[in-house]
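Residue strings, one per chain:
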Amino acid sequence: QKRLIPLFHYALNPGGLLFLGSAESVGDFDKLFTPLSRKAKLYQSKEYLSSTQRPKSVSRYIPPHTTKISTTTPLTQATPKIQTPPTLSLRELTEQALLQHFAPASALVNNVGDILYVQGRTGMYLEPAQGAAGINNILTMAREGLHHQLTIALHKAVESSEIVHKSGLRVKTNGDFTRVNLTIRPVTKEPTPKHTPSLYLVILEQAPAPAPAPAPAPAPAPADADITIEKLKQKLQVKEDYMRAFHEELETSNEELKCSTEEMQSVNEELQSTNEELETTKEELQSLNEELLTVNTELQTKLSDLTQANNDMTNLLAGTGIATLFLDMQLCVLRYTPSAAEIMNLIPSDVGRPVSHLALNVVNYQNLTTDVQTVLNNLIPIQIDVQTKNGKWYAMHIQPYRTLENIIEGAVINFVEITQMVLAQESKRRLATVLLDAHDAMTVQDVEGHILAWNPGAERMYGWSEAEALQMNIRDRIPEGQRKNELALIEGLSKTDRLKPLPTKRLTKAGTVVDIWVTATVLENKDKQIYAFATTERMNETGTSPLKPMKDA
């Protein structure tokens, strides 16, 4: 392309059309051609460029079958450079003198007849050809009588690489004919004869005049027509030899061009196949890119959801106030909630440390590592009540950490504060002790009179067990004659929070009536509403009040 595209531009007229094959293009020569249809590979030649802008490949084109000649061999027509002539040795002076006086006229040519060097005076055999100046081809410069034989001899020398000799050629010189001996000698630039000759030396020397032959017997002169026919036959024979040689050369060139065409078609098919593969690969890469974009979008969405879920979980754990500690399978700290920092004395740098290195802020408990390992081994949660050094109570839950795939990856420790519950249980336990140990009968009943509580003192005094009493009403324990006054008295407790000790009567399980002293107290909820009454009852044996008013239930 770098050699042919500029040559095509040089050959076309301005505005001429260049039509290329489907696999070709003008390449980097957009300045030489204007594309009319890139799809159809149709281009239009632009105006001729100036000599400074014209590609170098146009100024001198050597056909593919022509051997490239070294530029160091001078041409006779070349303008010599002005330089100081070197000093010649005696040997070179002797050789030049012999060449000038004794060597025949000769010319060094290539395989197509281009003259590369001329030795001696060749004016008797060669003359400038018609046409543009600067044509240096010996075949076009040969004089009449030498042209055909020189063409045949040069072609034969190129084909056989042997010396070809033609003698006695009649060459027309200045209106007369001169006999010339022609010799073509192959010349190789390499010293070994293995290389194919690429240069040929054409030697032209004047043949000696033939000795005068004895005068033949007079014969009738042939007719002019016979002489003309004989000359035409000779010329025709020369033409046939030349055409035969040219035809052989043309067939060889056609075969080479056919092989080149087949190779180019094969290369074109390979390039088309490669182009199709590249198109397929491009489509696959584009499809893969779209899939990657889709996956990337999904991952971005999942990442956003995960970040939101993580923020929600962090705020949830921090907002509940429940101290939570997460451990891995090596019992090292993974994360913890702010509330756990107070119980476990944790700081941010403790993440990754074993839990055994932590100092618990609890009293009378040193088995945290053992209990966590037991939970991981048995997968059974453990709950232990622990007390911190500041007096707070916590229910510590140790359970396995399970993933969504039900895989154990560590343990979770939760601390739930139970200080109020522990204090309430302690208070209830103390009150129960007082109720159990009291000698007096103590009962609790709701506003409708149903018995809610019955201590052992009441069981000893009235004979009903606690289970039996809880099924009874206060009306069942008041004698029928005093029932109306007693109930009105109990309803009056809503106005006075406390009833001073007063004598009354009660029925026993055996049906007897006993005299007692009773003190009643109102029980209210957080909304200041009465929901029950508590009573303390003692046997009245002396008739005096043995009970003091109660300050609280």
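Look above for the structure.
Reading the values: rules and limits
Residues numbered from 1 in each chain as written. Predicted model: local features only at pLDDT ≥ 70, side-chain atom pairs only at ≥ 80, totals over all residues. Heavy atoms only, no water. Helix = DSSP H or I, 4+ residues; strand = E, 2+ residues; numbered from the N terminus. Contact = heavy atoms within 4.5 Å. Salt bridge = Lys/Arg side-chain N within 4 Å of Asp/Glu carboxyl O. Buried < 20%, exposed > 50% of the residue type's maximum accessible area, 1.4 Å probe, protein only. Arc of directions from axis to C-beta. Pairing = 2+ DSSP bridges. Axes fitted to C-alpha atoms, helices over the stretch in contact; angles between N-to-C directions. Core = buried A, V, L, I, M, F, W, Y, C linked by side-chain atoms within 4.5 Å.

All right, on to the overall build of the protein chain then. Looking only at helices and strands, one finds 12 helices and 19 strands in the protein chain. Taking contacts inside the protein chain between residues at least 6 apart in sequence as the whole, the part at least 24 apart equals 45%.

A few words now on the pattern of salt bridges. For the structure on display, the rule yields seven salt bridges. Here R244 makes a salt bridge to D241, at a shortest N to O gap of 2.9 Å. Here R244 pairs with D241, and both are found in helix α6 (residues 224–320), just three residues apart, close to one helical turn. A residue is classified by how much of its surface remains accessible, and D241, at 25% relative accessible area, is partly exposed. A salt bridge links E468 to K509, with the nearest nitrogen and oxygen atoms 3.3 Å apart. Residue E468 is found in helix α11 (residues 466–469), and its partner K509 is found in the loop between β17 (498–507) and β18 (513–524); the two are separated by 41 residues along the sequence.

Because each turn of an α-helix spans 3.6 residues, side chains separated by three or four positions in sequence point in the same direction. Here helix α8 (residues 368–378) has its buried residues at L368, D371, V372, V375 and L376. The arc enclosing the buried residues of α8, seen along the axis, measures out at 140°, which places them on a common side. Turned more than 90 degrees away from the buried face of α8, the exposed residues are T370 and N377. Here the buried face of α8 lies against β9 (323–327), α7 (338–344), β12 (382–388), β13 (393–402) and β14 (408–417).

Looking now at the sheet that holds strand β8 (residues 199–206). Taken in spatial order, the five strands line up as β5-β4-β8-β7-β6 in an open sheet, and their pairing is antiparallel. Of all strands in the sheet, those bounded by a partner on one side alone are β5 (115–119) and β6 (164–173). Between one strand axis and the next, the sheet turns through 25° on average, direction left out of account. Sheet analysis places strand β4 (residues 105–109) next to β5, joined by four bridges and oriented antiparallel.

Before going further, it helps to examine the nonpolar core. By size, the foremost hydrophobic cluster in this structure holds 25 residues, and its most contacted members are M344, L368, V372, I413 and F415. The set of elements that each furnish at least two residues to this core consists of β9, α7, α8, β13 and β14. Looking at which element gives the most residues to this core, the answer is α8, with four residues. Once residues lying within four places of it in the same chain are set aside, the contact partners of I413 are A323, T324, L325, L327, L368, V372, M396, H397 and I398. L139, L146, V180 and L182 belong to the second largest nonpolar core, which has 24 residues in total.

Everything listed is a geometric property; what it means functionally is a separate question.
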